[in-house]
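One-letter residues, chain by chain:
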Amino acid sequence: MALSTSHHVREQFEHCLAVIRQASVEILLLLNVHASEGKDPRWFLEQLDSARLGLGGWGAVAKKLNLNDAEMSEFTLQLRLLQQRVPQYESGQDVSENQLIAAMRFVTALEHLRLQQPLLTYSTELAPGSELQQQQAHKQVRAIELMLKGLIQQAWPDQVRLNNHLKTLFNADRVRRWLKLGEINDVLSGMMFSELAQMLVDKKEFSRYYASLFSDPTMLTLLVEPRKTLQTFLDDIRQIRNNITVQKTLSSAQIQLLDNYYTQISRPVQRAFEEGRTRVNPTGLMAVDASELHTFWEKAQKMDRVTGGDLFEVRDTIEKPTQRAPRTPEQREQLISGALWGAVGVMVIAIVAGGVWLVTSGTPQPATVSAAETAPPQEMRETPSSRETLTRMGVTWDENNFRSAINRNDTRVVQLFLQGGMDWKLSWTEEAMSAGYDDVLELMLRYQQNMVEEKPCRRFINTLSHAMSNGEPLTSKRKEYLKAFCTVPAVVKRQQHDLDMATRRAQSQPDATTKKWQSIQTAIYEVIR
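Residues numbered from 1 in each chain as written. Predicted model: local features only at pLDDT ≥ 70, side-chain atom pairs only at ≥ 80, totals over all residues. Heavy atoms only, no water.

J.: When you look at the overall build of the chain in this model, what are you seeing that I'm missing?
T.: Scanning the chain from N- to C-terminus turns up 25 helices and 0 strands. Within the span of the chain, comprising 529 residues, buried residues form 47% of the whole. Expressed as a percentage of contacts within the chain between residues at least 6 apart in sequence, the contacts between residues at least 24 apart total 74%. (Helix = DSSP H or I, 4+ residues; strand = E, 2+ residues; numbered from the N terminus. Buried < 20%, exposed > 50% of the residue type's maximum accessible area, 1.4 Å probe, protein only. Contact = heavy atoms within 4.5 Å.)

J.: Sorry, what's going on with the state of the cysteines here?
T.: What makes a disulfide is a covalent bond joining the sulfur atoms belonging to two cysteines. Scanning the model with the defined rule gives 1 disulfide in all. Through a disulfide, C457 is tied to C486; the S-S separation comes to 2.2 Å. Since a negative S-S torsion denotes a left-handed disulfide, the C457-C486 link at about -100° is left-handed. One end of the pair, C457, is in helix 22 (residues 457-469); the other, C486, is in the loop between helix 23 (476-485) and helix 24 (489-508), with 29 residues separating them in the sequence. On the accessibility criterion, C457 (3% relative accessible area) is buried. (Disulfide = S-S within 2.5 Å.)

J.: Which parts of the structure should I look at to understand the pattern of salt bridges?
T.: In a structure, side chains of opposite charge can pair up when their charged atoms sit close to one another. Taken as a whole and judged by the stated rule, the model has 24 salt bridges. Residue D173 is joined to R176 by a salt bridge in which the shortest nitrogen-to-oxygen separation is 2.2 Å. Here the residue D173 and the residue R176 both occupy positions in helix 8 (residues 172-181), the gap between them amounting to 3 residues, near one helical turn. With a closest N to O distance of 3.5 Å, R315 and D398 form a salt bridge. Taken together, the residues span a long stretch of sequence, with R315 in the loop between helix 14 (290-307) and helix 15 (329-362) and D398 in the loop between helix 17 (386-392) and helix 18 (399-407) at a distance of 83 residues. (Salt bridge = Lys/Arg side-chain N within 4 Å of Asp/Glu carboxyl O.)

J.: Honestly, helix 5 (residues 97-116) in this entry has me stumped. Any pointers?
T.: Structural remark: α-helix, 3.6 residues per turn; residues separated by three or four positions point the same way. Between its first and last C-alpha atoms helix 5 spans 29 Å; for 20 residues at 1.5 Å apiece the expected length is 28 Å, and the two agree. Of all 20 residues that make up helix 5, 15 are buried, and the element is covered over most of its length. (Expected span 1.5 Å × (residues − 1).)

J.: Help me out: how do you make sense of the packing of helix 22 against helix 25 (residues 512-528) in this one?
T.: The relative placement of two packed helices is expressed as an angle between their axes plus a distance between the axes. Between helix 22 and helix 25, the least distance of the axes is 10 Å, while the angle of their chain directions is 135°. In terms of their interaxial angle, helix 22 and helix 25 are classed as oblique. The two elements helix 22 and helix 25 cross, and the hand of that crossing is right-handed. Between helix 22 and helix 25, the contacting residues are I461, L464, S465, H466, M468 and S469 on the first element and K516, W517, I520, Q521, A523 and I524 on the second. Of the residues in the contact of helix 22 with helix 25, the class split is 7 nonpolar, 4 polar and 1 charged. (Axes fitted to C-alpha atoms, helices over the stretch in contact; angles between N-to-C directions. Parallel < 35°, antiparallel > 145°, perpendicular 65-115°, else oblique. Left-handed = near helix turned anticlockwise from the far one by under 90°. Nonpolar A, V, L, I, M, F, W, Y, C, P; charged D, E, K, R; others polar.)

J.: In this structure, what is going on with the packing of aromatic side chains? I would like to understand it.
T.: Geometrically, a pair of aromatic rings is defined through the distance of the ring centres and the angle of the planes. In total, this model carries 14 aromatic pairs according to the counting rule given. With centroids separated by 5.0 Å and ring planes inclined at 85°, the aromatic side chains of F170 and W178 adopt a geometry described as edge-to-face. By relative accessible area, W178 is classed as buried at 1%. Seen from their ring centres, F296 and W297 are 5.1 Å apart, and the 90° between their planes marks the pair as edge-to-face. The exposure class assigned to F296 is buried, which follows from its relative accessible area of 15%. The class of W297 is buried, set by a relative accessible area of 4%. Ring-pair connections join several aromatic residues into one group, and the members of that group are W397, F402, F417 and W428. The ring centre of F296 lies 5.8 Å from the NZ or CZ of R142, which sits over that ring. If you follow R387 out to its NZ or CZ, it ends over the ring of W397, 4.0 Å from the centre. (Phe/Tyr/Trp six-rings, centres within 6.5 Å; stacked < 30°, edge-to-face > 60°. Lys NZ or Arg CZ within 6 Å of the ring centre and 35° of its normal.)

J.: What should I look at first to understand the side chain of R227 in this one?
T.: Turning to its location among the elements, R227 is positioned in helix 11 (residues 226-245). In contact with R227, not counting residues within four places along its chain, are V201, D202, K203, F206 and D316.

J.: Can you help me understand the nonpolar core in this one?
T.: Within soluble globular proteins, side chains that are nonpolar generally end up buried alongside one another. Residues I27, F75, F214 and L234 are the most contacted members of the largest nonpolar core, which totals 99 residues. Sequence-distant contacts of F75, defined by excluding residues within four places in its chain, comprise I27, F44, L48, F106, A109, L110 and L113. Ranked by size, the runner-up nonpolar core spans 43 residues in total, among them V440, I461, L464 and Y525. (Core = buried A, V, L, I, M, F, W, Y, C linked by side-chain atoms within 4.5 Å.)

J.: Help me out: how do you make sense of the environment of A70 in this one?
T.: Within the element layout of this structure, A70 appears in helix 4 (residues 69-85). Overall, the relative accessible area of 17% leaves A70 in the buried class. C-alpha separation for the pair A70 and N400, spaced 330 residues apart in sequence, amounts to 10.0 Å. Once residues lying within four places of it in the same chain are set aside, the contact partners of A70 are G394 and V395.

J.: What is the right way to read the environment of Q47 from this model?
T.: Considering the arrangement of structural elements, one finds Q47 in helix 2 (residues 41-55). Relative accessible area serves as the criterion here: at 18%, Q47 is assigned to the buried category. The spatial distance from the C-alpha of Q47 to the C-alpha of V33 is 7.5 Å, given a sequence separation of 14 residues. If sequence neighbours within four positions are ignored, Q47 has contacts with L28 and V33.

J.: Which parts of the structure should I look at to understand helix 7 (residues 159-169)?
T.: Burial in helix 7 covers these residues: L162, N163, H165, L166 and L169. Looking down the long axis of helix 7, one finds its buried residues gathered within 165° of arc, a one-sided arrangement. Those residues of helix 7 that are exposed and aimed more than 90 degrees away from the buried face are V160 and R161. The inward-facing, buried residues of helix 7 contact helix 6 (131-155), helix 8, helix 9 (193-201) and helix 10 (203-210). The N-cap residue of helix 7 is D158: its side-chain oxygen and the backbone nitrogen of V160 are 3.1 Å apart. (Arc of directions from axis to C-beta. Polar contact = N/O pair within 3.5 Å; in protein donor to acceptor, adjacent residues only side chain to side chain.)

Keep in mind these numbers describe shape, not what the thing actually does.
This is the structure we're talking about:
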């Protein structure tokens, strides 16, 4: 059985790779990069980067592909994740579920790109579709939505306390709206899928109520932590659900991806149910007849028409709209600048008016001087804030978009995020360091005050050490970052200890590996001492 499953996973994965290779040739041709055949994801990413250099930036690439900046960021982010999971692939080698999911996610990204750019004609069909598969997908989305509601109700069995908790998390107006839209005494039935998902994956909510249910070490491991993986999966399911509510047929890639998502999400909950840790039974939720399924989606379609659709992505944390965000340094600067320029304008007008009065009281003069002198204040225009500029570019104010801009060396978008007051972490620079993106790294160093990661140096130095052991150099930019953030006494002392240990290992077991590790630790210590 395990052998059969492994063969099926490998077969699906190889089909995904075939689709990606075919699509890559067409996409690159549209970007003036000619390739006779497609290769692995890393090659595709390298060719896209070449296209970026040839066209003058990611903005030009996005324009050729008919994508906005946010869509371009998401496309490159998914391709990077795929090439990290599958740097190279030889036919017949073992494939993990995470590798398959990363490949399927990118195939769905290629589907979206083809819809945006009619000049692309590649096929993304992974298998022949059937009505039975469509119905199974509808059942899975329904089961996941009811699973979310069931887990929230289990954490908050008292409706009054749940309503009050929702008012604290969101606000009273939204709770009143949900109660109006939903069934009697059931606030959750008035919430959209993204809002239910947000309740589950919010950092505080997840750690308090749901983390123990999703603790299976073999599930939800695509990203760095189960919560982030669950957030990503649920946002993809939100988009699939949107297709169902507008009665759009799901593609074979969406169906297969959803099937994998359902397994990853339901299996930990099913185990918790069997162990008596939850009353939510995923198997029971899937046991639904055609009539009940039709009724569920009929209500969902009606709700979709009333609300205008579930348009907002599942975010990392719940943002309270009643709280006004503090002004960023840039916004304060603009406010002060606007006030000063206003004062200058008033003074200029007063001076000009006085001058005109003095001149006209003696010898009449033409009014052209006055008009010329009053022109500068009229020419001043209020510049949009960084956040407004990002919004006009189609980029939402989100750390994921910020990180993807860093990873693709997009200095324009990164600068707008930094000017707008976005905080960043030292660990977010790891990919840019490996890729040698000095432009974006130099830019981020100018905003050191925005770096908020606590005790970042242990991870940064560990990552750097392993990168150097794999042949990457200790570049001048890496040295600048070490000097900027890792010269505090505690870090220097710990690095000295690591160097002493490496030296002892090299003396007790003198071989190429221990000597290499000693030289790496010595080089890092020499920078920060």
